[in-house]
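# Structure assessment
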Amino acid sequence: MYKINGNYANLKESYLFTDIAKKVANYAAANPDKKLIKMGIGDVTQPLIPEVVEAMKKAAGEMGSKETFRGYGPEQGYGFLREKIAEYYLTQMNVQLDADEIFVSDGAKSDIGNFTDLLSDDNVIVVPDPVYPVYVDSNLMLGRRIEYIYGNESNNFLPLPDEKTTGDVFYLCSPNNPTGAVFSREMLRKWVDFALKTKSLILFDAAYEAFIREDLPRSIYEIEGAKECAVEFCSFSKTAGFTGTRCGYTVVPKALKIDGMSLNKMWLRRQTTKFNGVSYVTQRGAEAVFTPSGLLNVRKTIDGYLENAKIMTKTVREKGIWFTGGVNSPYLWIQCPDKMSSWEYFDFLLNTYQVVGTPGSGFGKNGEGYFRLTAFNTKENTIEAMKRISK
Ligand SMILES: *Cc1c(COP(=O)(O)O)cnc(C)c1O
């Protein structure tokens, strides 16, 4: 008789977005004349830039011709794309990487979920609360012990290690989903020093790095020593609208070694065994993001989202509501007014203003009493939503 992985029985069902969808559907059915504005789900809304579309069309054409057809590509991604990503790190962040430290994937979620294949199951995993749920569930599936570091108002939802901090593997996300908070260089310095001292591993999620417009670190490798203690995950999803196209990349520095083993070599082995690469067409599309006009156009798209975030920030500030994010991030993390719980505020915004957001309690217990609004919308809708809220 076969046996299943019993850890799956320990996973909590995630009802967050289904519960939201149900409430929204019920409201819409009862109030067909009311226009809802959705500021809930963390998905982009603007289309791919023309450079990407043209490159993918051209690549599809190549696949249809005998002379230029390609079969299996390198599991870790084509050289043409990895070279461009390395160049991006150098020119944008002044971080020097070799192309073979970069692994192209079908998105950051898969790599974040798969990377812990390399780690023994007796590691203590430390995740921030509130949190992007993938960090928690991918480890629970392996029966691992999880501890939390808490974000709250006193640390602006940017928890730092102190003398009492213990654990082996630490997830960090900056700019953060769901809070929009961004670590400063000094803060990341503390995390890197801590990891080097305690021989811990940092798994750094940089999915929103392209939203940073102030002088804040976009890569953990901007901090000296990080190559010896950190893996970085990034993605074209939020930076270039690839949520439906699927492409990301993971940086595993060659300097990252423990017990005489190279994590770079282990990850290459893992990927060549269990992964067969991202489609050629998609990788050509991703490459086009790094052309001069591609970089300019994705920046314009993100500028649009950031403009929305600014409009939202203005309203929230005028109302005297405490918040994080809203700059260098598409997320605004607000404290629910009048001591409302996250779900009470959700119902209030839906029923009173027909604005849909995400209850903070869905991201962990420290999210209770908070609420996430996203800037992934049109400017008109954002203005309209804020007009309703300021009434
Ligand atoms: C959207 C997002 C990702 C990216 O996921 P993809 O699989 O690349 O689409 C990673 N981390 C966080 C925190 C995100 O919000």
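Calculation criteria
- Residues numbered from 1 in each chain as written.
- Predicted model: local features only at pLDDT ≥ 70, side-chain atom pairs only at ≥ 80, totals over all residues.
- Heavy atoms only, no water.
- Domains from an automatic or database assignment.
- Contact = heavy atoms within 4.5 Å.
- Buried area = accessible area lost by both parts, 1.4 Å probe.
- Salt bridge = Lys/Arg side-chain N within 4 Å of Asp/Glu carboxyl O.
- Pairing = 2+ DSSP bridges.
- Helix = DSSP H or I, 4+ residues; strand = E, 2+ residues; numbered from the N terminus.
- Buried < 20%, exposed > 50% of the residue type's maximum accessible area, 1.4 Å probe, protein only.
- Core = buried A, V, L, I, M, F, W, Y, C linked by side-chain atoms within 4.5 Å.
- Phe/Tyr/Trp six-rings, centres within 6.5 Å; stacked < 30°, edge-to-face > 60°.

## With respect to the domain arrangement of the protein chain
- Taken domain by domain, the protein chain holds domain 1 (12-46 + 293-389) and domain 2 (51-291).
- Taken together, the contact between domain 1 and domain 2 spans 31 residues of the former and 37 residues of the latter.
- Of the roughly 2800 Å² buried at the junction of domain 1 and domain 2 (both faces included), carbon and sulfur atoms supply 55%.
- The largest share of the area that domain 1 buries against domain 2 comes from N328, F363 and N366, three residues that together contribute 23% of it.
- Run the count over domain 1 and domain 2 and you get one salt bridge.

## Some remarks on the sheet that holds strand 11 (residues 323-325)
- Pairing in this open sheet of four strands is antiparallel, and the strands run 11-12-15-14 from one edge to the other. With partners counted over all chains shown, the strands left at the sheet margins are strand 11 and strand 14 (358-359), one partner each.
- Bridge count for strand 12 (residues 331-335) against strand 15 (residues 370-374) is five bridges, and the pairing is antiparallel. Within the sheet, the bridge partner assigned to L332 lies in strand 15 and is L373.

## Looking at the pattern of salt bridges
- Tallying each qualifying case throughout the model produces 18 salt bridges.
- The partner of D347 in a salt bridge is K23, with the nearest N and O atoms 2.9 Å apart. Of the two residues, D347 sits in helix 11 (residues 342-353) while K23 sits in helix 1 (residues 16-30), which places them 324 residues apart along the sequence.
- Its relative accessible area of 24% is what places D347 among the partly exposed residues.
- Assessed through its relative accessible area of 31%, K23 is described here as partly exposed.
- Note that D100 and K254 form a salt bridge whose closest N and O atoms lie 2.8 Å from each other.

## A look at the pairing of strand 7 (residues 230-235)
- Summarising burial for strand 7: six of the six residues are buried, a large majority.
- Relative to strand 7, strand 6 (residues 201-205) runs parallel, the two being bridged by four bridges. Bridge assignment links F204 to a residue of strand 7, and that residue is E232.
- Sheet analysis places strand 7 next to strand 8 (residues 248-251), joined by four bridges and oriented antiparallel. Looking at strand 8, one finds that F233 is bridged to T250.

## A few points about the pairing of strand 15
- Within strand 15, five of the five residues are buried, leaving the element largely enclosed by the surrounding structure.
- With two bridges joining them, strand 14 and strand 15 adopt antiparallel strand pairing. In the strand pairing of strand 15, T358 is matched with R372.

## Here's the deal with the nonpolar core
- Within the largest apolar cluster, 63 residues are counted, with the highest numbers of intra-cluster contacts made by L81, I85, I202, I220 and F236.
- Examining the composition of this core, we find that seven residues originate from one element, helix 3 (residues 79-93), more than from any other.
- Each of domain 1 (12-46 + 293-389) and domain 2 (51-291) contributes no fewer than three residues to this core.
- Not counting the four nearest positions on each side in its chain, I220 is found in contact with L188, V192, I202, F204, A226, A230 and E232.

## Quick look at the packing of aromatic side chains
- All told, the structure shown has 32 aromatic pairs when counted by the stated rule.
- Where F211 meets Y305, the ring centres are 6.4 Å apart and the plane angle is 25 degrees; that geometry is what we call stacked. Here F211, found in the loop between strand 6 and strand 7, pairs with Y305, found in helix 10 (residues 292-318); they are 94 residues apart in sequence, far enough to count as distant. Neither residue differs from the other here; F211 and Y305 are each classed as buried.
- Aromatic rings pair up to connect Y88, Y89, F236, F242, Y249 and F290 into one cluster.

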